[in-house]
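Given next are the chains, with one letter for each unit.
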Amino acid sequence: MVRTRRNFTEIQKALDKPEPAGGAFLIHWTSRNEKDRPGYGALGIRDPAVLETYKEELLWAFDFLTQTLSLIQPAVLPVEVYVFEPAEEDGDSSPQTVPRLVGDRKTLLSVVLPSRTPVPNPESERAYLRAAAVHEVAHVVCFGQAAFGSAISFPWAWFAEGTAEWLCLYRLRQTDPNNVATFEFLLDWVDYPELSLNQEPDWYTAAMFVDYLVRRYSLDVLGAIWRQASPDNEPWSVIKPLTGASNLFLDFCLDAYALNESAPDLFARFGPRGREYTLAALASRSETVFKGKVRNFGCRYFAIVTQTGSQRFSVAVQTQEERVRAAVLAVNSDYKRVGPTLFLSGQDQVLDPADYPGLDHLAVAVTTEPEQSDPDLSEQLRFELRFKGL
(Lines give C-alpha, C1' and ligand atoms only; values in the text may rest on other atoms or scores of the structure.)
Protein backbone atom coordinates (compact mmCIF):
# COMPACT_ATOMS: atom_id res chain seq x y z
CA MET A 1 0.00 0.00 0.00
CA VAL A 2 1.30 3.46 -0.92
CA ARG A 3 0.88 5.82 2.01
CA THR A 4 0.75 9.57 1.85
CA ARG A 5 4.17 10.89 2.85
CA ARG A 6 4.46 14.06 4.86
CA ASN A 7 7.50 16.02 5.91
CA PHE A 8 8.11 16.50 9.61
CA THR A 9 7.21 20.19 9.58
CA GLU A 10 3.76 19.33 8.25
CA ILE A 11 3.36 16.61 10.89
CA GLN A 12 4.40 19.01 13.67
CA LYS A 13 1.63 21.42 12.68
CA ALA A 14 -0.96 18.64 12.86
CA LEU A 15 0.18 17.50 16.32
CA ASP A 16 -1.38 20.52 17.96
CA LYS A 17 -2.21 19.11 21.41
CA PRO A 18 0.93 19.40 23.58
CA GLU A 19 0.69 17.33 26.77
CA PRO A 20 3.33 17.62 29.52
CA ALA A 21 4.40 14.41 31.27
CA GLY A 22 6.06 15.52 34.46
CA GLY A 23 8.90 17.89 33.71
CA ALA A 24 10.74 15.34 31.62
CA PHE A 25 8.59 15.03 28.48
CA LEU A 26 6.35 17.08 26.24
CA ILE A 27 4.06 14.86 24.19
CA HIS A 28 2.82 16.26 20.86
CA TRP A 29 -0.32 14.53 19.63
CA THR A 30 -3.69 15.04 18.02
CA SER A 31 -7.02 13.27 18.06
CA ARG A 32 -8.57 11.37 15.18
CA ASN A 33 -11.87 12.48 13.54
CA GLU A 34 -12.69 15.05 16.19
CA LYS A 35 -15.77 17.17 15.44
CA ASP A 36 -15.08 20.45 13.62
CA ARG A 37 -11.42 19.54 13.09
CA PRO A 38 -9.46 17.81 10.34
CA GLY A 39 -9.61 14.03 10.56
CA TYR A 40 -5.83 13.57 10.40
CA GLY A 41 -6.20 9.87 9.60
CA ALA A 42 -3.37 7.76 10.97
CA LEU A 43 -1.70 10.77 12.60
CA GLY A 44 -4.41 10.92 15.26
CA ILE A 45 -5.00 8.85 18.40
CA ARG A 46 -8.28 6.93 18.37
CA ASP A 47 -8.19 5.81 22.02
CA PRO A 48 -7.31 8.18 24.91
CA ALA A 49 -5.82 5.18 26.74
CA VAL A 50 -2.91 5.31 24.27
CA LEU A 51 -1.85 8.72 25.53
CA GLU A 52 -2.28 7.75 29.20
CA THR A 53 -0.22 4.59 28.74
CA TYR A 54 2.55 6.52 27.06
CA LYS A 55 2.63 9.13 29.84
CA GLU A 56 2.79 6.47 32.54
CA GLU A 57 5.56 4.47 30.88
CA LEU A 58 7.67 7.44 29.80
CA LEU A 59 7.80 8.63 33.40
CA TRP A 60 8.38 5.15 34.84
CA ALA A 61 11.32 4.50 32.52
CA PHE A 62 12.80 7.96 33.13
CA ASP A 63 12.63 7.54 36.92
CA PHE A 64 14.06 4.01 36.77
CA LEU A 65 17.01 5.05 34.62
CA THR A 66 17.85 8.29 36.42
CA GLN A 67 17.08 7.17 39.98
CA THR A 68 17.45 3.38 40.24
CA LEU A 69 20.40 3.21 37.80
CA SER A 70 21.66 6.70 38.76
CA LEU A 71 22.17 7.82 35.17
CA ILE A 72 22.31 11.55 34.52
CA GLN A 73 19.31 13.27 33.01
CA PRO A 74 19.50 14.53 29.43
CA ALA A 75 21.04 17.98 29.24
CA VAL A 76 17.87 19.57 27.84
CA LEU A 77 14.40 18.87 29.20
CA PRO A 78 11.64 18.29 28.36
CA VAL A 79 12.32 15.58 25.81
CA GLU A 80 10.10 16.08 22.78
CA VAL A 81 7.80 13.10 22.09
CA TYR A 82 5.78 12.94 18.85
CA VAL A 83 2.87 10.52 18.60
CA PHE A 84 1.84 9.76 15.02
CA GLU A 85 2.12 7.01 12.41
CA PRO A 86 5.89 6.99 11.67
CA ALA A 87 5.35 5.38 8.27
CA GLU A 88 3.74 8.62 7.06
CA GLU A 89 7.13 10.29 7.34
CA ASP A 90 9.65 7.62 6.33
CA GLY A 91 7.75 4.44 5.50
CA ASP A 92 8.74 2.60 8.70
CA SER A 93 6.11 2.07 11.40
CA SER A 94 8.64 1.34 14.17
CA PRO A 95 9.04 3.59 17.21
CA GLN A 96 12.16 5.75 16.90
CA THR A 97 14.65 7.81 18.83
CA VAL A 98 16.02 10.25 16.31
CA PRO A 99 17.83 13.60 16.06
CA ARG A 100 15.39 16.43 15.34
CA LEU A 101 15.78 20.14 14.77
CA VAL A 102 13.16 21.43 17.18
CA GLY A 103 12.54 25.18 16.89
CA ASP A 104 15.77 27.01 17.65
CA ARG A 105 17.17 24.06 19.59
CA LYS A 106 20.14 22.37 17.98
CA THR A 107 19.86 18.70 16.96
CA LEU A 108 18.67 16.72 20.00
CA LEU A 109 17.32 13.25 20.56
CA SER A 110 13.53 13.12 20.36
CA VAL A 111 11.10 10.24 20.42
CA VAL A 112 8.53 9.11 17.87
CA LEU A 113 5.85 6.73 19.15
CA PRO A 114 3.09 5.19 17.02
CA SER A 115 -0.42 6.59 17.26
CA ARG A 116 -1.86 3.20 16.29
CA THR A 117 -0.99 -0.49 16.34
CA PRO A 118 -2.35 -3.54 14.51
CA VAL A 119 -2.55 -5.48 17.79
CA PRO A 120 -5.96 -7.22 17.94
CA ASN A 121 -7.00 -6.59 21.56
CA PRO A 122 -6.56 -3.78 24.12
CA GLU A 123 -4.53 -5.87 26.58
CA SER A 124 -1.91 -6.80 24.00
CA GLU A 125 -1.87 -3.25 22.68
CA ARG A 126 -1.12 -1.83 26.13
CA ALA A 127 1.84 -4.21 26.44
CA TYR A 128 3.11 -3.10 23.03
CA LEU A 129 2.69 0.60 23.91
CA ARG A 130 4.53 0.12 27.21
CA ALA A 131 7.40 -1.62 25.45
CA ALA A 132 7.61 1.10 22.77
CA ALA A 133 7.77 3.95 25.27
CA VAL A 134 10.18 2.28 27.68
CA HIS A 135 12.54 1.21 24.88
CA GLU A 136 12.84 4.70 23.42
CA VAL A 137 13.32 6.42 26.78
CA ALA A 138 16.23 4.06 27.43
CA HIS A 139 17.89 5.33 24.25
CA VAL A 140 17.33 8.97 25.14
CA VAL A 141 18.79 8.59 28.64
CA CYS A 142 21.67 6.24 27.76
CA PHE A 143 22.84 8.37 24.84
CA GLY A 144 22.07 11.47 26.87
CA GLN A 145 25.00 10.68 29.16
CA ALA A 146 27.37 13.63 29.11
CA ALA A 147 30.15 11.87 27.20
CA PHE A 148 27.92 11.23 24.20
CA GLY A 149 26.39 14.68 23.87
CA SER A 150 23.13 13.10 22.64
CA ALA A 151 24.88 11.45 19.68
CA ILE A 152 24.58 7.73 19.04
CA SER A 153 28.00 6.03 19.18
CA PHE A 154 28.10 2.98 16.91
CA PRO A 155 30.30 0.72 19.08
CA TRP A 156 27.71 1.12 21.83
CA ALA A 157 24.69 0.53 19.57
CA TRP A 158 24.33 -3.21 20.30
CA PHE A 159 24.53 -2.69 24.06
CA ALA A 160 22.12 0.24 23.82
CA GLU A 161 19.56 -1.93 22.03
CA GLY A 162 20.15 -4.72 24.53
CA THR A 163 19.66 -2.34 27.45
CA ALA A 164 16.50 -0.84 25.95
CA GLU A 165 14.99 -4.23 25.18
CA TRP A 166 15.98 -5.60 28.60
CA LEU A 167 14.23 -2.65 30.25
CA CYS A 168 11.06 -3.55 28.31
CA LEU A 169 11.38 -7.14 29.49
CA TYR A 170 11.96 -6.02 33.07
CA ARG A 171 8.92 -3.73 33.00
CA LEU A 172 6.53 -6.10 31.25
CA ARG A 173 7.39 -8.92 33.61
CA GLN A 174 5.94 -6.61 36.28
CA THR A 175 2.90 -5.29 34.44
CA ASP A 176 2.01 -7.94 31.83
CA PRO A 177 3.65 -11.26 32.86
CA ASN A 178 1.36 -13.23 30.55
CA ASN A 179 1.75 -10.87 27.61
CA VAL A 180 5.43 -10.03 27.25
CA ALA A 181 5.56 -8.16 23.95
CA THR A 182 9.37 -8.27 23.77
CA PHE A 183 9.47 -12.05 23.35
CA GLU A 184 9.10 -11.67 19.58
CA PHE A 185 12.67 -10.35 19.44
CA LEU A 186 14.03 -13.30 21.42
CA LEU A 187 12.76 -16.16 19.27
CA ASP A 188 15.89 -16.12 17.11
CA TRP A 189 18.08 -15.87 20.23
CA VAL A 190 16.54 -19.14 21.40
CA ASP A 191 16.71 -20.94 18.05
CA TYR A 192 20.03 -19.60 16.71
CA PRO A 193 22.58 -19.36 19.55
CA GLU A 194 25.37 -19.07 16.99
CA LEU A 195 24.25 -15.57 15.93
CA SER A 196 26.36 -12.69 17.22
CA LEU A 197 24.30 -10.56 19.54
CA ASN A 198 26.46 -7.51 18.81
CA GLN A 199 25.71 -7.57 15.08
CA GLU A 200 22.70 -5.98 13.43
CA PRO A 201 19.91 -7.10 13.14
CA ASP A 202 20.41 -9.25 16.26
CA TRP A 203 21.22 -6.37 18.62
CA TYR A 204 17.86 -6.73 20.36
CA THR A 205 18.82 -10.20 21.56
CA ALA A 206 21.57 -8.62 23.67
CA ALA A 207 18.70 -8.05 26.12
CA MET A 208 19.42 -11.52 27.46
CA PHE A 209 23.06 -10.68 28.08
CA VAL A 210 22.00 -7.53 29.96
CA ASP A 211 19.50 -9.66 31.90
CA TYR A 212 22.35 -11.99 32.85
CA LEU A 213 24.53 -9.09 34.02
CA VAL A 214 21.74 -7.79 36.23
CA ARG A 215 20.90 -11.21 37.71
CA ARG A 216 24.51 -12.33 38.15
CA TYR A 217 25.89 -9.02 39.36
CA SER A 218 23.43 -6.19 40.04
CA LEU A 219 21.50 -3.24 38.72
CA ASP A 220 24.35 -1.11 40.04
CA VAL A 221 26.74 -2.76 37.58
CA LEU A 222 24.44 -1.92 34.65
CA GLY A 223 24.28 1.68 35.81
CA ALA A 224 28.05 1.82 36.22
CA ILE A 225 28.56 0.52 32.67
CA TRP A 226 26.54 3.38 31.21
CA ARG A 227 28.10 5.99 33.47
CA GLN A 228 31.52 4.96 32.15
CA ALA A 229 30.37 4.76 28.52
CA SER A 230 31.78 7.21 26.00
CA PRO A 231 32.59 7.48 22.28
CA ASP A 232 36.22 6.80 23.24
CA ASN A 233 35.59 3.29 24.55
CA GLU A 234 33.33 0.35 23.76
CA PRO A 235 31.12 -1.87 25.95
CA TRP A 236 33.40 -4.87 26.44
CA SER A 237 36.30 -2.74 27.66
CA VAL A 238 33.98 -1.38 30.38
CA ILE A 239 32.01 -4.53 31.22
CA LYS A 240 34.98 -6.85 31.81
CA PRO A 241 36.74 -4.79 34.51
CA LEU A 242 33.46 -4.06 36.31
CA THR A 243 32.53 -7.75 36.57
CA GLY A 244 36.04 -9.12 37.08
CA ALA A 245 34.98 -12.37 35.40
CA SER A 246 37.60 -14.36 33.47
CA ASN A 247 35.09 -16.29 31.34
CA LEU A 248 32.19 -13.86 31.31
CA PHE A 249 30.64 -14.70 27.96
CA LEU A 250 31.05 -18.45 28.44
CA ASP A 251 29.35 -18.12 31.83
CA PHE A 252 26.49 -16.33 30.09
CA CYS A 253 26.18 -19.10 27.47
CA LEU A 254 26.04 -21.77 30.18
CA ASP A 255 23.43 -19.78 32.10
CA ALA A 256 21.41 -19.41 28.90
CA TYR A 257 21.38 -23.16 28.18
CA ALA A 258 19.79 -23.86 31.57
CA LEU A 259 16.97 -21.63 30.33
CA ASN A 260 14.30 -22.93 32.68
CA GLU A 261 16.39 -21.51 35.53
CA SER A 262 17.52 -18.24 33.96
CA ALA A 263 14.29 -17.30 32.12
CA PRO A 264 11.47 -19.73 32.92
CA ASP A 265 8.88 -17.53 31.18
CA LEU A 266 10.90 -17.53 27.97
CA PHE A 267 11.48 -21.29 28.28
CA ALA A 268 7.74 -21.86 28.74
CA ARG A 269 7.04 -19.91 25.53
CA PHE A 270 9.78 -21.18 23.20
CA GLY A 271 11.43 -24.18 24.87
CA PRO A 272 15.20 -24.76 25.13
CA ARG A 273 17.93 -23.09 23.10
CA GLY A 274 18.92 -24.68 19.82
CA ARG A 275 21.70 -27.24 19.84
CA GLU A 276 23.67 -29.11 17.18
CA TYR A 277 24.97 -32.61 16.57
CA THR A 278 23.86 -34.89 19.37
CA LEU A 279 26.70 -37.20 20.43
CA ALA A 280 25.66 -40.55 21.93
CA ALA A 281 27.73 -42.08 24.70
CA LEU A 282 27.75 -45.62 23.29
CA ALA A 283 30.06 -48.57 23.75
CA SER A 284 32.07 -47.75 20.63
CA ARG A 285 35.67 -46.73 21.33
CA SER A 286 36.04 -44.85 18.05
CA GLU A 287 36.63 -41.14 18.30
CA THR A 288 34.18 -38.59 16.90
CA VAL A 289 35.69 -35.32 15.70
CA PHE A 290 33.62 -32.26 14.79
CA LYS A 291 35.37 -29.30 13.17
CA GLY A 292 33.59 -25.98 13.43
CA LYS A 293 33.76 -22.21 13.78
CA VAL A 294 32.27 -19.83 16.33
CA ARG A 295 31.50 -16.13 15.95
CA ASN A 296 32.35 -13.32 18.32
CA PHE A 297 29.47 -12.97 20.80
CA GLY A 298 27.94 -16.21 19.49
CA CYS A 299 27.66 -19.67 21.03
CA ARG A 300 27.34 -23.24 19.80
CA TYR A 301 25.90 -26.13 21.82
CA PHE A 302 26.49 -29.86 21.32
CA ALA A 303 24.46 -32.40 23.29
CA ILE A 304 25.92 -35.60 24.74
CA VAL A 305 23.08 -38.03 25.36
CA THR A 306 23.69 -40.83 27.84
CA GLN A 307 21.77 -43.89 28.91
CA THR A 308 21.39 -45.44 32.34
CA GLY A 309 24.51 -47.46 33.02
CA SER A 310 26.40 -46.02 30.03
CA GLN A 311 30.16 -45.96 30.31
CA ARG A 312 32.50 -43.07 30.84
CA PHE A 313 33.67 -40.97 27.93
CA SER A 314 36.25 -38.31 27.17
CA VAL A 315 35.68 -34.93 25.59
CA ALA A 316 38.01 -32.12 24.53
CA VAL A 317 37.82 -28.89 22.58
CA GLN A 318 41.04 -28.14 20.75
CA THR A 319 41.92 -24.87 19.05
CA GLN A 320 44.81 -22.63 18.17
CA GLU A 321 42.72 -19.58 19.04
CA GLU A 322 43.40 -18.12 22.48
CA ARG A 323 39.92 -16.66 22.76
CA VAL A 324 37.91 -19.87 22.26
CA ARG A 325 36.25 -21.07 25.48
CA ALA A 326 34.34 -24.29 26.16
CA ALA A 327 32.66 -26.11 29.04
CA VAL A 328 30.31 -29.02 29.75
CA LEU A 329 27.01 -28.35 31.50
CA ALA A 330 24.76 -31.10 32.91
CA VAL A 331 20.98 -30.58 32.84
CA ASN A 332 17.89 -32.59 33.67
CA SER A 333 14.87 -32.99 31.40
CA ASP A 334 13.52 -29.62 32.65
CA TYR A 335 16.71 -27.84 31.54
CA LYS A 336 17.88 -27.15 35.06
CA ARG A 337 21.45 -27.75 36.17
CA VAL A 338 22.50 -30.96 37.89
CA GLY A 339 26.06 -31.24 39.13
CA PRO A 340 29.08 -29.02 38.57
CA THR A 341 30.22 -27.38 35.33
CA LEU A 342 33.42 -28.73 33.79
CA PHE A 343 35.59 -26.27 31.87
CA LEU A 344 37.33 -27.80 28.87
CA SER A 345 40.79 -27.36 27.44
CA GLY A 346 42.74 -29.07 24.70
CA GLN A 347 43.32 -32.07 26.97
CA ASP A 348 40.85 -34.95 27.23
CA GLN A 349 38.48 -34.65 30.17
CA VAL A 350 36.84 -37.84 31.43
CA LEU A 351 33.19 -37.73 32.47
CA ASP A 352 31.04 -40.38 34.11
CA PRO A 353 27.24 -40.00 33.78
CA ALA A 354 26.87 -41.65 37.17
CA ASP A 355 28.31 -38.50 38.76
CA TYR A 356 25.20 -36.51 37.72
CA PRO A 357 22.03 -37.74 39.50
CA GLY A 358 18.92 -36.80 37.55
CA LEU A 359 20.93 -36.25 34.37
CA ASP A 360 19.08 -35.99 31.06
CA HIS A 361 22.05 -34.95 28.94
CA LEU A 362 25.26 -32.99 28.96
CA ALA A 363 25.83 -29.99 26.72
CA VAL A 364 29.17 -28.75 25.42
CA ALA A 365 29.09 -24.97 25.01
CA VAL A 366 31.70 -23.41 22.71
CA THR A 367 32.08 -19.65 22.46
CA THR A 368 34.68 -16.89 22.46
CA GLU A 369 35.85 -14.49 25.11
CA PRO A 370 35.49 -11.27 23.10
CA GLU A 371 38.33 -8.78 22.98
CA GLN A 372 36.12 -5.93 21.86
CA SER A 373 32.53 -5.30 20.91
CA ASP A 374 33.01 -4.34 17.28
CA PRO A 375 35.58 -6.62 15.61
CA ASP A 376 35.76 -7.78 12.01
CA LEU A 377 32.17 -8.94 11.42
CA SER A 378 33.37 -11.83 9.25
CA GLU A 379 35.66 -13.23 11.95
CA GLN A 380 34.98 -16.81 13.02
CA LEU A 381 37.34 -18.80 15.23
CA ARG A 382 38.07 -22.46 14.47
CA PHE A 383 37.85 -25.32 16.95
CA GLU A 384 37.67 -29.12 17.06
CA LEU A 385 35.35 -31.02 19.38
CA ARG A 386 36.66 -34.51 20.14
CA PHE A 387 34.49 -37.18 21.80
CA LYS A 388 35.24 -40.82 22.59
CA GLY A 389 33.65 -43.60 24.62
CA LEU A 390 35.96 -45.31 27.12
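Computed from a prediction, not measured in an experiment: that's the story for all the values here. (Residues numbered from 1 in each chain as written. Predicted model: local features only at pLDDT ≥ 70, side-chain atom pairs only at ≥ 80, totals over all residues. Heavy atoms only, no water.)

Asks: Help me get a handle on helix α5 (residues 157-175), residues and values and all.
Replies: For α5, spanning 19 residues, the distance from its first C-alpha to its last is 27 Å, which sits close to the expected 27 Å at 1.5 Å a residue. Taking burial as the measure, the 19 residues of α5 include 15 buried ones, the bulk of the element. (Helix = DSSP H or I, 4+ residues; strand = E, 2+ residues; numbered from the N terminus. Expected span 1.5 Å × (residues − 1). Buried < 20%, exposed > 50% of the residue type's maximum accessible area, 1.4 Å probe, protein only.)

Asks: Outline the nonpolar core, listing residues and values.
Replies: Core analysis: the biggest nonpolar cluster contains 94 residues, and F159, F209 and W226 have the highest contact counts within it. Per element, the largest residue contribution to this core is 11 residues, and it comes from helix α4 (residues 122-142). Those residues in contact with W226, other than ones at most four positions away along the chain, are L71, C142, Q145, F148, W156, F159, A160 and T163. If you look at the next biggest cluster of nonpolar residues, it comprises 24 residues, including L279, V315, V324 and A330. (Core = buried A, V, L, I, M, F, W, Y, C linked by side-chain atoms within 4.5 Å. Contact = heavy atoms within 4.5 Å.)

Asks: Tell me about the sheet that holds strand β9 (residues 313-318), and name the residues and values.
Replies: Within a sheet, each strand pairs with its neighbour through backbone hydrogen bonds, oriented either parallel or antiparallel. Strand order in the open sheet formed by 4 strands is β7-β14-β9-β12, with antiparallel pairing between adjacent strands. The open sheet has two edge strands, β7 (287-295) and β12 (349-351), and neither has a second partner. Averaged over neighbouring strand pairs, the angle between their axes works out to 25° when direction is ignored. In terms of strand pairing, β7 meets strand β14 (residues 380-389) through 9 bridges, oriented antiparallel. Bridge assignment links K291 to a residue of β14, and that residue is E384. (Pairing = 2+ DSSP bridges. Axes fitted to C-alpha atoms, helices over the stretch in contact; angles between N-to-C directions.)

Asks: Give a detailed account of the side chain of N247, specifying residues and quantitative values.
Replies: Along the chain, the position of N247 falls in the loop between α9 (235-243) and α10 (248-257). At a separation of 3.0 Å, a polar atom in the side chain of N247 contacts the side chain of R325. Residues within four places of N247 in sequence aside, it is in contact with R325, F343 and E369. (Polar contact = N/O pair within 3.5 Å; in protein donor to acceptor, adjacent residues only side chain to side chain.)

Asks: Explain the packing of aromatic side chains to me, and be specific about the residues and the numbers.
Replies: With the rule as written, the count across this model stands at 32 aromatic pairs. A centroid spacing of 5.2 Å and a plane angle of 50° characterise the contact between F313 and F387, whose relative ring orientation is tilted. One end of the pair, F313, is in strand β9; the other, F387, is in strand β14, and 74 residues separate them in sequence. When its relative accessible area of 0% is taken as the criterion, F313 is described as buried. (Phe/Tyr/Trp six-rings, centres within 6.5 Å; stacked < 30°, edge-to-face > 60°.)

Asks: Requested: an account of unusual backbone geometry, with residues and values cited.
Replies: A cis geometry characterises the amide bond from L77 onward to P78, with omega recorded as 5°. The step from E200 to P201 runs through a cis peptide bond, and the omega angle for that step is 15°. With respect to the element layout, P201 can be found in the loop between α6 (187-191) and α7 (207-216). The phi dihedral of Y335 falls on the positive side, at around 60°, and the residue is not glycine. Considering the arrangement of structural elements, one finds Y335 in the loop between β10 (324-331) and β11 (342-343). What makes Y335 buried here is its relative accessible area of 11%.

Asks: Explain the pattern of salt bridges residue by residue, including any values.
Replies: Inspection of the entire model under this criterion finds 19 salt bridges. One salt bridge in this structure joins E261 and R337, with 3.7 Å as the shortest N-O distance. Placement of the pair is E261 in helix α11 (residues 259-262) and R337 in the loop between β10 and β11, with a sequence separation of 76 residues. On the basis of relative accessible area, E261 is assigned to the partly exposed category, the value being 40%. Overall, R337 belongs to the partly exposed group, its relative accessible area being 31%. A single salt-bridge network, built from bridges that share partners, covers E56, E57, R130, R171 and D176. (Salt bridge = Lys/Arg side-chain N within 4 Å of Asp/Glu carboxyl O.)

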